[in-house]
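# Results of the structural survey
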Amino acid sequence: MQDRRLKYLLILPAAFIVLGTTIWPLAVSLVTSFRDWRLTRSLTPGPFIGAEHYITALTDDPDFANALRVTAIFVVIDVTITVVSALGLAVLLRRAGVLHSVTRAVLILPFAVSPALVGISFRFMFNAEMGVFTWMAGAVLPFLRGFVWLAEPSSALLVLVFSDAWRWVPYMTLVVLGGLAALPKEPEEAARIDGANEWQVFRDVTLPALLPVLAVVGILKTVFALKMFDQVVTLTGGGPGQSTVTLAYLVYSIAFRWYDMGYASAVAWILTSMLVFLAVWYTRLVLRKASP
Amino acid sequence: MAIRRRDFLAATAALGAAGPASASVTATPGLRAGKPFAGTELKVLCVVASQFRAHEARLAAFTEQTGITAKYTFIPFGSMREALTAEMVGGGGDYDLAIAMDQWVASLNNMFDPIDNVVSAKQIPLDRWPEAHLRQGRVGGRLLGLPSRGHVQLLFYRRDLFEKHSLTVPATWEALVETAQTIQQREPGISGVSVPYGRGNGQNLMVWYNFLWGRGGQLFDAQGQPAFNSAAGLQSVQDYVDLLRRHRVTPAGAVSFAEQDAVNSMGQGNAAMLPVWWWVRSTLLNPQASRLTEAQIGFAPMPSYAGQPRTTFTNTWVWGIPRRSRRKEAAAELLAWIANPALEREVLLDPRENDVVAVMQPNLVDEAVNARFGGMHRFAGEGLRATQSITFGPEWPQISEALETAMSEAATGARSVPDAFNGAAAQVRRIVRRG
C-alpha cells in the first residue's frame, strides 16, 4: 500500500509539469476555438459560438483550403525525398571503416542548425543575383542560368522541401542505420549463397525487413513536415502568392497578424487532430514492433 | 587611419551645433516640478533602432530632471509585433511605455491608453509633427501615441553613373523607365531600378501606393469598401508590374525580392536606382553591407506622374502608454522628454550617430540638420506635405496580406492584374463585412 502511494507521489511533480505546460494550454485553446475572440475588439474571450469556426474553416475559407493543399503537397514530396534519401545514404554508409564512421558523426551537424537559420541561409543561397546555388545550378545546367527559384510557385515549394530535407535527411539516415545494424545477417548471407546479386538481396531481403523502421521514419517525418513553419517565415514568406503558406504558418498569421484568436485556435486544432492521429499510428507501430 | 580635414571640420561643426551632450535635454518643457516620481523605475518596450539606443544613452539627463530611471528592452523588428501582442494578452503590466508601428496601432488599440489628457496637461504642441505622421497615432478620434520614428520614401540613385552618362534624375515614372533603360544599355549587368515584388510585411505594396495616388486612385472609398480595383487602381498596378514584366528594368530576381533584397541589390552595385525609405541611407553607407560610398549615392523625392504631386508613403512609429502600466504618470514624464524636438535634433547632429530619422517639423527644416544630411530632411518635409495616407483600421494586417498576395501573383504572372486585384477586392470585402 505504501509502495503504491510512493509511486503516485513520485510521479506528481512530472504530472504537474505536463499538466501546466501541455494539457492546460491545450484545453484553453480547445475552449477558445469555440469562442469569438478577436484581440482587436477585446482583451478577454467573447461568447461561445459553437462549431462556427470549424465550419467556416472546412467549408468557407479559401485561405484554409489553400494551406491544406500546400501542406499536403509539401508533406508528400518532403517525406518521400527524406525517406528515400535517408535509405540510400544509410545503405551507402552501412559498411564499417574510418571514413564511414567519420561521415556518420558529421551527419548530425545539419540537424543541429536552427530551422530559422536554415531558411535564411537558403534564401541567400537561392538569391537570383548572388546565390551560390543559383550560380551552381546555372553552371551545371545552362538552361537554369538566371532562373529565379523563389519566383515560381512550384520551384519555391521545391526549395522549401530541399531546405527541410537538407536538415532532416542526415538525422533520418542515422535512424535507418540503426535499423540496418539491428537486422540479422543470416538471411542476407543465405540469399547470397543462393546466388542472389546485391540488388536482389536489398530488394527481397533487406528492404522488407527494414519496412517497420522506414514506416516509423515516414510517420515521424510526416508529423514534423505537417508543422513546417520556420523556413516558411524566413525563406519564402509564404510566397509567391500563397504557394508556400502551410497550415502552421496560416495559424500564426491568423493569431498574431490578424489577432483572431478563436479562429486561429480552431485551425490549430484541426492541425493538431491530424498530428494526434499520426502520433497514435506511430505509437501502435512502435509497440507492435517492440512486442515479441 | 587618416582623418580627412573636411570630415574633421564637419564633425566639429556638428558637435558645435549639437552643443554639450546634455544641454538641450536638461530643459524639457512640461515636466512636473519637484520630481514627484523620483525613485520610480520605468520599463520601456522598444524596437531595435540606433535612434532609440541614442535616447537610452542620454537617459542620465532625464533622470537628472525627474529622478526617474528607465530600463529599455530592445526587440528586433521581426519580433516586435509578437512582443506587443504578448504584452497585450499577458496582462502583466510589464511595460510603462511601448512603441508600435502605425499599421499595428488600430489592431493594438486595446493595449494603449488614450493620451489626449497627457498631451494637453504637458502642453505638448501637436503641430510639432507633420499631420502625415501624427494621424497614425490616432484611432477613433483618440490619440494613442506620439510619433517618434518616421520614415518617408526617397529615390536613391547612383550619382556616379548619372554623372558619367549625363542623366537627369527622373521626376516622373515615365522618365524613370526611360532612364533605367538608358542605364541598362550603357552599363551592362546593372539593372535600372530595384524594387521588391515578393511577399513580406506588405513591402511589395509600399512603392506602389505612390503609383496609385499618382493615378488618382484610392485604396478605399468613402464607405470603407475596396477602391483599389477601380480603373485607375488597376492601371497603377499594371504600371508598377510593368517595370518588371514589360520594361524589364528591374533585377530579374525582384519578383521574389523583399525590401532588404532590393536594398542589397543596389548596395552591391547591381542596380542604379532604388525607391525606398530614407533610413536605408545608413545601410547603403555601411561598408559591411554595401560597396557604395557616399559620393556614389544621390537622392531625390519620389517620382510621380506628370502634373501630379510627388507623394511618399509614410511609416511611423508611435510611443504609447500601455493600459496596464502601473506607473502611467511617470511614463508621461518620459514621453514628454522623448517628444522634445531638442532631443531629436541632438541625436541627428551627433557625429557618432548616423541615423537620418526625424519626425518633428522644426528639425525637418533645421539648417544644421539639412547641412549634415545633404538636404534630405527638406525633401522629406516636402513629401510629407504633399502626400496622402492610408487609414489603418483594425483589420489592416489581414487586408495588407490580401493585397501583397495579389501583387505577388500579378508580378509572377500567375494571375493577370485585374484577376488578382478583383480577387483581392472580394477578399477585402469579406474581411470588412466580418469586421
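Quick notes on the rules
Residues numbered from 1 in each chain as written. Chains lettered and ligands numbered in written order. Predicted model: local features only at pLDDT ≥ 70, side-chain atom pairs only at ≥ 80, totals over all residues. Helix = DSSP H or I, 4+ residues; strand = E, 2+ residues; numbered from the N terminus. Buried ≥ 20, exposed ≤ 12 C-beta atoms within 10 Å, placed from the backbone. Contact = placed C-beta atoms within 7 Å. Pairing = 2+ DSSP bridges. Axes fitted to C-alpha atoms, helices over the stretch in contact; angles between N-to-C directions. Core = buried A, V, L, I, M, F, W, Y, C linked by C-beta atoms within 7 Å. Parallel < 35°, antiparallel > 145°, perpendicular 65-115°, else oblique. Left-handed = near helix turned anticlockwise from the far one by under 90°. Nonpolar A, V, L, I, M, F, W, Y, C, P; charged D, E, K, R; others polar.

### Some points on the overall build of chain A
In terms of helices and strands, chain A carries 13 helices and 0 strands. Put simply, chain A runs from its N terminus to its C terminus through helices and strands in the order α-α-α-α-α-α-α-α-α-α-α-α-α. Across its three principal directions, the C-alpha atoms of chain A cover 75 × 75 × 35 Å. Here chain A, with 292 residues, has 35% of them falling under the buried criterion. Within chain A, contacts between residues separated by at least 24 positions form 70% of all contacts whose residues are at least 6 apart in sequence.

### Structural notes on the environment of B:Leu343
Residues and elements named next belong to chain B. Assignment of secondary structure puts leucine 343 in helix 15 (residues 341–349). The exposure class assigned to leucine 343 is buried, which follows from the 21 C-beta atoms found within 10 Å. A C-alpha to C-alpha distance of 31 Å links leucine 343 and glycine 393, two positions 50 residues apart in sequence.

### Section: unusual backbone geometry
Each neighbour pair has its own omega, and for A:Gly239 with A:Pro240 the value is 0 degrees, a cis peptide bond. One can find A:Pro240 in the loop between helix 11 (230–236) and helix 12 (247–256). Although it is not a glycine, B:Gln123 adopts a positive phi angle of roughly 50 degrees. If you check the backbone angles, B:Arg248 has positive phi at about 50 degrees while not being a glycine. Within the secondary structure, B:Arg248 sits in the loop between helix 11 (231–245) and helix 12 (259–267).

### Side note on the sheet that holds strand 1 (residues 41–47) of chain B
Residue and element names in this part refer to chain B. The sheet built from 5 strands is open, its strands ordered 2-1-3-11-6 with mixed pairing. The open sheet has two edge strands with one neighbour each: strand 2 (69–75) and strand 6 (146–151). Neighbour to neighbour, the strand axes of the sheet diverge by 20 degrees on average, direction disregarded. Looking at chain direction, strand 6 and strand 11 (residues 315–320) are connected through 5 bridges and run antiparallel. Following the sheet pairing, glycine 150 is matched in strand 11 by threonine 316.

### Notes on the interface of chain B and chain A
Of the residues lining the interface, 29 residues belong to chain B; the matching set on chain A comes to 25 residues. Those elements that place two or more of their residues in the side of chain B that touches chain A are helix 4 (77–90), helix 12 and helix 19 (396–412) of chain B. It is helix 19 of chain B that provides the largest number of residues to the side of chain B that touches chain A, a total of 7 residues.

### Focus on the nonpolar core
If you look at the biggest cluster of nonpolar residues, it comprises 191 residues, and the most contacted ones within it are A:Val267, B:Leu97, B:Ala100, B:Phe156, B:Met273, B:Leu334 and B:Leu335. Residues within four places of B:Leu335 in sequence aside, it is in contact with B:Leu97, B:Val118, B:Leu146, B:Trp319 and B:Ile321.

### Considering the environment of B:Gly217
All names here are of chain B. As for its placement among the helices and strands, glycine 217 is situated in the loop between helix 10 (208–214) and helix 11. In this structure glycine 217 comes out as buried when scored by C-beta crowding, with 20 C-beta atoms within 10 Å. In sequence terms glycine 217 and alanine 306 are 89 residues apart; their C-alpha atoms lie 15 Å from each other. Setting aside residues no more than four positions away along its own chain, glycine 217 makes contact with Leu212, Ala227, Phe228, Ser230, Ala232, Gly233 and Ser236.

### Regarding the sheet that holds strand 9 (residues 271–277) of chain B
Residue and element names in this part refer to chain B. Sheet architecture is open: 4 strands sit in the order 8-9-7-10, paired in mixed fashion. Among the strands making up the open sheet, the edge pair consists of strand 8 (191–193) and strand 10 (297–301). Going across the sheet, the axis of each strand differs from the next one's by a mean of 25 degrees, ignoring polarity.

### Some details on the pairing of strand 3 (residues 97–101) of chain B
All names here are of chain B. With respect to burial, strand 3 is a largely interior element, 5 of its 5 residues being buried. In strand 3, alternate side chains face the same way, and those of Leu97, Ile99 and Met101 on one face and Ala98 and Ala100 on the other are all buried. Looking at chain direction, strand 1 and strand 3 are connected through 2 bridges and run parallel. Bridged to valine 44 within strand 3 is leucine 97.

### A short note on helix 14 (residues 328–338) of chain B
Burial analysis of helix 14 of chain B places 9 of its 11 residues in the buried class, which makes it a mostly covered element. Of the residues making up helix 14 of chain B, those classed as buried are B:Ala330, B:Ala331, B:Ala332, B:Glu333, B:Leu334, B:Leu335, B:Ala336, B:Trp337 and B:Ile338.

### Quick word on the packing of helix 8 (residues 153–182) of chain A against helix 10 (residues 198–226) of chain A
Residues and elements named next belong to chain A. Viewed as axis vectors pointing N to C, helix 8 and helix 10 meet at an angle of 155 degrees, and their least axial separation amounts to 10 Å. Judged on the interaxial angle alone, helix 10 and helix 8 are roughly antiparallel. In this structure, helix 8 crosses over helix 10, and the sense of that crossing is right-handed. In contact with Asp164, Trp168, Met172, Val175, Val176, Gly179 and Leu180 of helix 8, helix 10 contributes Leu210, Val213, Val217, Lys221 and Ala225. Here the contact of helix 8 with helix 10 is composed, by residue class, of 9 nonpolar, 1 polar and 2 charged.

### Here's the deal with the packing of helix 9 (residues 186–193) of chain A against helix 10 of chain A
Residue and element names in this part refer to chain A. Across the interface, helix 9 lies against helix 10 with an axial gap of 10 Å and an inter-helix angle of 145 degrees. Two packed elements cross with a definite hand, and for helix 9 against helix 10 that hand is right-handed. For the pair helix 9 and helix 10, contact is made by Pro187, Glu188, Ala191 and Arg192 and by Val201, Asp204, Val205 and Thr206, respectively. Residues of the contact of helix 9 with helix 10, tallied by class, amount to 4 nonpolar, 1 polar and 3 charged.

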